[in-house]
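Below are the chains, spelled out letter by letter.
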Amino acid sequence: MKKAAALVALFLIFSGCQKKPVTVVSTEFTSEELDRIFQHSPSGDPPRDPTNIVFEKPDAARLGQRLFFDPRFSKEGTVACSTCHIPARGFNDGEALPQKFPVDRNVPTLWNVAYNRWFFWDGRVDSLWSQALKPLENPREHAATRLQVVHQVCDEPALRSAYERVFGPAPDLSDSGRFPPRGGPLAFPPGSPLHSAWTSMQGPDQATVDRVFSNLGKAIASYERQLVSRHAPFDVFVEGLKSGDAEKLKALSPEARRGLRLFIGKANCRLCHSGPQFSDGEFHNIGIPPLRGGLTPDRFAAIEEVRNDPFNMKGVFSDDRSVGEAKLDYLVRLQDAWGQIKTPTLRNIAKTAPYMHQGQFAELEEVVRFYSTLKGMIQAGHHERAILTPLALAPQEIAALVAFLESLSDEKIDARLLKPIE
Amino acid sequence: MKKKVLDRRTFLIRGIGAAALGALGCGPGESAKAASASRTTDSNGGGFTVAFEPLRPSIPMNEIFDLRFTVAPKAKEGKTDDLSVQVDARMPAHGHGMNRVPKLTRQGDGSYKAEGMLFHMPGHWELYFDITQGGKTERAQFDVDLK
């Protein structure tokens, strides 16, 4: 069949569903291979989020950028989002597991984060704005309290002004009897002074704080929406395939092209790593040996958590609750969820080592080698074991797949987005 | 109830439309050939004829979609008001199904609507319509191949 691939393949496509036909001529790929390749590029803009009405507003993005790099939104004033999501390290921290924080998940990249359907490795959050709120109150991460965060914005003139440009008048929180300086519903343990500070508040005052809190998440999401990578050498190569531009076709080395053919063919990576983001955005159990513990049951808890999250897309802080209903009302606890972890994007994957949800592999080659041998795979009698069989790749094939994965890198971005706003 | 099963002509016209739109390359999903295939079959017990159509030109890959379907008893005097119907889909080669459960509603014309379907992976899916009446369940099954 490789010979057949060398035949000239004529492939008619209609770019972007418009009526303009494009004739693709390839001496290298079959029409079926071209069809599969074109599913991965180009990548459009991040999807809109109607539950966040400021998602695409520049003022919101600027406010979000200020918040993202500001360590004051933490218990000790030392932890910002950028502490773990380090721009120069592919928006992760380069560690298998964070060394500074007692969490057991690898820091996910923020490149193309706005394309996600679900958030966190286990999908326990349904929107980017809601995700941005969670580390702030997590005692193992920022360890701030909701009141502290909201006071920080409402009490400081510059931040308050930036907030009001986006969301309108901020509430007056100067009455410390009604709005204690610190405290929140997630302060641990229940009954502690910080927890009691929150529970002693009046419901409407809690709602006022919650509203500001949710808006801060929406601003951070607006900033993160801009962290887009979509013009990698692979995308240039696809442009070359469609246009016949010889220069663009040089964007992929012969080795990377062999890797591409494996990706969409023999190795079948495309089963889960589908579409322009090279991720189906869904959840699978691949039996990856954990650093500690067994196959994670996290997905079961995540389904419950997202359905009950007061900041989910169908809650009162959503700007379009119908979107949340359409997303969450069909989500139920299924046995298939055992051991499942979200498929990560492969865009900029070469820039975001180490890999897998606990950083099990330091290099891409190790990842590919795992799929080649499935050595150490946890045999849990799980449903998806049927499709995961050792690929038995030759060393050259492993190298080719790595070369292809490296061709998905594009870190070109406005440098002003990579640092605090001055 | 006038329209219990989508007639052949309707399906043919819709099939041609789906094939034409499928050829536009609007995204991964069913091939044009698959989208124009029959979407009508009898249940395995022979008691019902089930016909369905996605509420878009073809079944997409990894995009949420809805579908409409009808369940018609084969017997002349057969009833439909006491039916219990479920829709599900699985990938037999993978051993898993959808990551969500669609919501079914009965429409005014007697047809059903299944909302919130999601075939999140390319490959072969089996789409099941399980019809229960009087404690007996029959299954109408379709193949769906997503490229």
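In this text the structure is predicted, and so the values were computed from the model without any measurement.

### With respect to the overall build of chain A
Okay, step 1: Of the regular secondary structure elements, chain A holds 16 helices and four strands.
Okay, step 2: At 23 Å, chain A has a C-alpha radius of gyration in line with the 22 Å of a compact globule built from 422 residues.
Okay, step 3: Counting only C-alpha atoms and orienting by the principal axes, one finds that chain A spans roughly 80 × 50 × 35 Å.
Okay, step 4: A burial count over chain A gives 46% of its 422 residues as buried.
Okay, step 5: Considering only residue pairs separated by 6 or more positions, chain A has 69% of its internal contacts joining residues 24 or more positions apart.

### Overview of the overall build of chain B
Okay, step 1: Tallying secondary structure elements over chain B gives two helices and nine strands in all.
Okay, step 2: The secondary structure elements of chain B, listed N-terminal to C-terminal, are α-α-β-β-β-β-β-β-β-β-β.
Okay, step 3: When the 147 residues of chain B are sorted by exposure, 34% land in the buried category.
Okay, step 4: Contacts spanning at least 24 positions in sequence make up 57% of the contacts within chain B whose residues lie at least 6 apart.

### Some remarks on the domain arrangement of chain A
Okay, step 1: What the domain assignment reports for chain A is domain 1 (1-36), domain 2 (58-228) and domain 3 (230-296 + 339-415).
Okay, step 2: Domain 2 of chain A and domain 3 of chain A are separated by 32 Å when their C-alpha centres are compared.

### A word on the sheet that holds strand 4 (residues 84-91) of chain B
The pairing of strands in a sheet comes from backbone hydrogen bonds and takes either a parallel or an antiparallel form.
Residue and element names in this part refer to chain B.
Okay, step 1: Strand order in the open sheet formed by four strands is 5-4-8-9, with antiparallel pairing between adjacent strands. Only two strands of the sheet have a single neighbouring strand rather than two, namely strand 5 (96-97) and strand 9 (136-146).
Okay, step 2: Note: strand 4 against strand 5, two bridges, orientation antiparallel. Pairing of Arg90 across the sheet is with Gly97, part of strand 5.

### Quick word on the environment of A:Thr109
Residues and elements named next belong to chain A.
Okay, step 1: Locating Thr109 in the fold gives a position in the loop between helix 4 (81-84) and helix 5 (128-137).
Okay, step 2: Looking at Thr109, the number of C-beta atoms within 10 Å reads 21, which means it is buried.
Okay, step 3: For the pair Thr109 and Asn348, spaced 239 residues apart in the sequence, the C-alpha separation amounts to 8.9 Å.
Okay, step 4: Not counting chain neighbours up to four residues away, the residues in contact with Thr109 comprise Gly90, Phe91, Asn92, Asn348 and Thr352.

### Focus on the pairing of strand 4 of chain B
Moving residue by residue along a regular strand, the side chains alternate between the two faces of the sheet.
All names here are of chain B.
Okay, step 1: Pairing analysis gives seven bridges linking strand 4 to strand 8 (residues 123-133), with the strands arranged antiparallel. Following the sheet pairing, Val87 is matched in strand 8 by Phe129.
Okay, step 2: The hairpin formed by strand 4 and strand 5 contains four residues between the paired strands, and Gly95 there has a positive phi angle of roughly 75 degrees.

### Some details on the sheet that holds strand 3 (residues 65-73) of chain B
Residue and element names in this part refer to chain B.
Okay, step 1: Overall, antiparallel pairing links the five strands, which are arranged 1-2-3-7-6 in an open sheet. The open sheet terminates on both sides in strands that have one partner only, identified here as strand 1 (40-42) and strand 6 (103-106). Neighbouring strand axes in the sheet, compared pairwise and without regard to direction, differ in orientation by 25 degrees on average.
Okay, step 2: Direction of pairing for strand 3 relative to strand 7 (residues 112-117): antiparallel, over a ladder of four bridges. Each bridged residue has a counterpart across the sheet, and for Phe65 the counterpart in strand 7 is Met117.

### Concerning the confidence of the model for chain B
Okay, step 1: Looking at chain B as a whole, its pLDDT mean stands at 85, while 82% of the residues score no less than 70.
Okay, step 2: Overall fold confidence (pTM) sits at 0.91, and the ipTM for the predicted complex is 0.88.

### Here we look at the environment of A:Asp70
Okay, step 1: Summarising the element assignment, A:Asp70 is placed in the loop between helix 3 (58-68) and helix 4.
Okay, step 2: Along the backbone, A:Asp70 and A:Cys81 are eleven residues apart, and their C-alpha atoms lie at a distance of 7.7 Å.

### Observations concerning the packing of helix 12 (residues 254-264) of chain A against helix 16 (residues 395-406) of chain A
All names here are of chain A.
Okay, step 1: Their axes nearest at 7 Å, the elements helix 12 and helix 16 cross at an angle of 95 degrees. Looking at the two axes, helix 12 sits roughly perpendicular to helix 16. Where helix 12 abuts helix 16, its residues Glu255, Ala256, Arg258, Gly259, Leu260, Leu262 and Phe263 lie against Glu397, Ala399, Ala400, Leu401, Ala403 and Phe404.
Okay, step 2: Here the residues of the contact of helix 12 with helix 16 are counted per class, giving nine nonpolar, one polar and three charged.

### Concerning the nonpolar core
Residue and element names in this part refer to chain A.
Okay, step 1: The biggest cluster of nonpolar side chains holds 57 residues, and the ones touching the most others in it are Val150, Ala219 and Ile220.
Okay, step 2: Looking at this core, the elements with two or more residues in it are helix 3, helix 5, helix 6 (146-155), helix 7 (157-167), helix 9 (203-224) and helix 13 (298-308).
Okay, step 3: Sorting elements by how many residues they give to this core places helix 9 first, with seven residues.
Okay, step 4: Residues in contact with Val150, not counting those within four places in the same chain, are Leu173, Val209, Val212 and Phe213.
Okay, step 5: Counting 42 residues, the second-largest nonpolar core is a separate cluster that includes Phe234, Phe237, Leu241 and Leu252.

### Observations concerning unusual backbone geometry
Residue and element names in this part refer to chain A.
Okay, step 1: In this chain, Ser41 is followed by Pro42 through a cis amide linkage whose omega measures 5 degrees.
Okay, step 2: For Pro42, the location among the structural elements is in the loop between helix 2 (31-38) and helix 3.
Okay, step 3: Of note, the amide linkage connecting Phe188 to Pro189 takes the cis form, showing an omega dihedral of -5 degrees.
Okay, step 4: Relative to the helices and strands, Pro189 is located in the loop between helix 7 and helix 8 (193-199).
Okay, step 5: With a phi angle near 80 degrees, Met356 is a residue other than glycine that sits in the positive phi range.
Okay, step 6: Take Met356: it is sitting in the loop between strand 4 (341-342) and helix 15 (364-373).
Okay, step 7: The phi dihedral of Leu374 is positive, around 60 degrees, even though this residue is not glycine.
Okay, step 8: Relative to the elements of secondary structure, Leu374 occurs in the loop between helix 15 and helix 16.
Okay, step 9: When the 20 C-beta atoms within 10 Å are taken as the criterion, Leu374 is described as buried.

Cut-offs applied
- Residues numbered from 1 in each chain as written.
- Chains lettered and ligands numbered in written order.
- Predicted model: local features only at pLDDT ≥ 70, side-chain atom pairs only at ≥ 80, totals over all residues.
- Helix = DSSP H or I, 4+ residues; strand = E, 2+ residues; numbered from the N terminus.
- Rg over C-alpha atoms; globule rule 2.2 N^0.38 Å.
- Buried ≥ 20, exposed ≤ 12 C-beta atoms within 10 Å, placed from the backbone.
- Contact = placed C-beta atoms within 7 Å.
- Domains from an automatic or database assignment.
- Pairing = 2+ DSSP bridges.
- Axes fitted to C-alpha atoms, helices over the stretch in contact; angles between N-to-C directions.
- pLDDT = per-residue confidence, 0-100.
- Parallel < 35°, antiparallel > 145°, perpendicular 65-115°, else oblique.
- Nonpolar A, V, L, I, M, F, W, Y, C, P; charged D, E, K, R; others polar.
- Core = buried A, V, L, I, M, F, W, Y, C linked by C-beta atoms within 7 Å.

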